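# Fold and contact review
Letter by letter, the chains look like this.
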Amino acid sequence: MLLSGPSGVGKSRLALELVQRGHQLVVDDAPRLQRRQDRLYGHCPEDFIGLLHLPEQGLVDVRSSHSAQAARRQCRVELIASLSRGPCSAETSPISIYGLQLPCRQFRVSPEQ
């Protein structure tokens, strides 16, 4: 899953919550996206593997704070979760990235999150 949304909306905080629930982090900001045939992959630059920037904590290495398996170098992107503080559609709509249609689901986050 690729998290998208404006700066400060809570993408990094949500990523940490997902890691705490057993999911793996590929990259916190600016994934390198690559199309391979009919699939999209997100990659992390070597120097950024496992690093997550949280405004209240600074830079956190999830491999140290959770486990070595909490981060990985790449993964297939099958869904986009778009975070917003404003109104959102309950519908899932496709977004085109490198000519591939990926489902995008919008999620509204509250200001205190």
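Parameters at a glance
- Residues numbered from 1 in each chain as written.
- Predicted model: local features only at pLDDT ≥ 70, side-chain atom pairs only at ≥ 80, totals over all residues.
- Heavy atoms only, no water.
- Core = buried A, V, L, I, M, F, W, Y, C linked by side-chain atoms within 4.5 Å.
- Buried < 20%, exposed > 50% of the residue type's maximum accessible area, 1.4 Å probe, protein only.
- Helix = DSSP H or I, 4+ residues; strand = E, 2+ residues; numbered from the N terminus.
- Contact = heavy atoms within 4.5 Å.
- pLDDT = per-residue confidence, 0-100.
- Pairing = 2+ DSSP bridges.
- Axes fitted to C-alpha atoms, helices over the stretch in contact; angles between N-to-C directions.

In this structure, Leu16, Val19, Leu25, Cys44, Leu52, Leu54 and Val62 are the most contacted members of the largest nonpolar core, which totals 14 residues. Mapped onto this core, the elements with two or more residues apiece are helix 1 (11-20) and strand 4 (51-54). With sequence-adjacent residues up to four places away left out, Leu16 is seen in contact with Leu52, Leu54, Gln57, Val62 and His66.

A few words now on the confidence of the model for the chain. In the predicted model, the chain carries a mean pLDDT of 92, and 98% of its residues have values of at least 70. When pLDDT is averaged over each helix and strand of the chain, the minimum, 91, is found for strand 8 (residues 92-97) and the maximum, 97, for strand 3 (residues 39-43).

So, about the pairing of strand 9 (residues 100-108). Regular strands have side chains that alternate between both faces of the sheet. Direction of pairing for strand 7 (residues 80-84) relative to strand 9: parallel, over a ladder of five bridges. Among the inter-strand pairings, Ile80 is bridged to a residue of strand 9, identified as Cys104. Inspection of the sheet shows strand 8 paired to strand 9 by six bridges, in the antiparallel sense. The residue bridging Ile95 from the neighbouring strand is Leu102, located in strand 9.

Here we take up the sheet that holds strand 7. Reading across the sheet, the four strands line up as 1-7-9-8 and stay open at both edges, with mixed pairing between neighbours. Looking at the sheet topology across the chains shown, the edges are occupied by strand 1 (2-4) and strand 8. Strand-to-strand, the axes of this sheet are offset by a mean angle of 35°, without reference to chain direction. Its contacts with the sheet place helix 1 against strand 1 and strand 7, and it is angled at close to 150° to strand 1.

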